[in-house]
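# Geometric and topological summary
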Amino acid sequence: MKTKAMTDGAMLSALAVIFSLLSYYVPFLMIFYFFIPVPAAIAANKHGMKVAVIAGIAATLILIFFMDLVSALSCGMYLLITGCVVGWAYRSKKSGFVRLALSYVASLLTLTLSLALLQLITGQNFITEFSAAVDQSMAEIQTMYQSLAADPSTQQLLSAEQLESATTLVDTLGRVIKMMIPASFLLAPFIIGWINVIITDKMMVRLKLPVDRLKPLSQWRMPRSLAFFMLCVITFLGLADLFNWEFIPEIYSFTLTTICYMVYGLMGMGFVFWLINRKRKKESTGLKILAVAVCFLFSWLSYLLVFVGLADAYMDLRRFMAFNGGDHR
């Protein structure tokens, strides 16, 4: 191994340790969690997989002395699996979307192994523990509502009908939160992988390494094969709801509906970004942040984004608006 590769590997290993410790010990610096795989990706791109793996193993061994075993090994797996996979994609000149797909798969694998490791070492099942915590929280809320209705000093702030409605709402909320676990398990690695690729792209550019950068969200278009598959899924879900097919577990249909909602919502947001920036030479980050903030403030806009995403996927709204706006590119 060349001296330059050894020096870079040691430095990048130290950076990975720093990012891990900052995200672990300083809550408001959790953003550095997304930087953990970047050093391994840079090492793999510049010097090959051997240097990246050695640097990752060294960083993991150091972390064991400063963190609990589960957290240290989880960060080490995140560094090694995601970092090395993404670094290999850069070294192999893969496109931005291929790197995003590989980053998602690697992040999903890391999450799965981390939860398995947690159960193996501590004997705690994450899903069981989380569900129990949700049930306990909902029970405490219901107890609070019942005390408001029964305590004479509160002058019965809640009537019997209001108490029943509140109890039903709390039960529904707890049920929905628990049903969100599978969808969150599948969607969270995508967000993590996406952010990781964006950060790594920027770092590669700063290091003046050749990179085919991931296209911004405004330029994302749903492939025809994916659009057809999604159409089949929502048609199936619609028929299942219409005919009340009981052989399909509710959690399956809920998870598929949530994923479709997020995919079309993301495509809708991409259309909004394209719309507000299509006349600009350079996209405005401020306008994009403002658009996201407005959608969070007014939750009903998220439903509108889904319909916009549907229309853009199957009716090509961009071509229609570009043509009517005099843009015939």
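Residues numbered from 1 in each chain as written. Predicted model: local features only at pLDDT ≥ 70, side-chain atom pairs only at ≥ 80, totals over all residues. Heavy atoms only, no water.

Its volume calculated, the second largest pocket comes out at about 760 Å³. Mapped by element, the contributors of at least two residues to the lining of the second largest pocket are helix 4 (69–91), helix 5 (96–122), helix 6 (126–150) and helix 7 (160–206). In terms of residue count, the dominant contributor to the lining of the second largest pocket is helix 5 (9 residues). Class assignment of the residues belonging to the lining of the second largest pocket gives a composition of 18 nonpolar, 10 polar and 1 charged. (1 Å grid on protein atoms, 1.4 Å probe; cavity = no way out; pocket = protein on both sides within 12 Å on 5 of 7 lines; lining within 4 Å. Points joined across faces, edges and corners; volume = space filled by probe spheres on them. Helix = DSSP H or I, 4+ residues; strand = E, 2+ residues; numbered from the N terminus. Nonpolar A, V, L, I, M, F, W, Y, C, P; charged D, E, K, R; others polar.)

Moving on, we get to the side chain of Ser 20. Within the secondary structure layout, Ser 20 lies in helix 1 (residues 3–25). Apart from the residues within four sequence positions on either side, Ser 20 is in contact with Ile 36, Leu 63 and Cys 75. (Contact = heavy atoms within 4.5 Å.)

For the rest of this paragraph, the subject is the pattern of salt bridges. Here the structure, examined in full by the defined rule, presents 7 salt bridges. Arg 99 is the partner of Asp 201 in a salt bridge, and the nearest nitrogen-oxygen pair spans 2.9 Å. Here the residue Asp 201 occupies a position in helix 7, and Arg 99 occupies one in helix 5, the gap between them amounting to 102 residues. Of the two residues, Asp 201 and Arg 99, neither departs from the other in class, the shared state being buried. In this structure, the salt-bridge partner of Lys 178 is Asp 135, at a minimum N-O distance of 2.9 Å. Pair noted here: Lys 178 is in helix 7 and Asp 135 is in helix 6, with a separation of 43 residues, a long-range link. Relative accessible area serves as the criterion here: at 29%, Lys 178 is assigned to the partly exposed category. On the accessibility criterion, Asp 135 (40% relative accessible area) is partly exposed. What you see here is one network of salt bridges that share partners, running through Arg 221, Asp 312, Asp 316 and Arg 318. (Salt bridge = Lys/Arg side-chain N within 4 Å of Asp/Glu carboxyl O. Buried < 20%, exposed > 50% of the residue type's maximum accessible area, 1.4 Å probe, protein only.)

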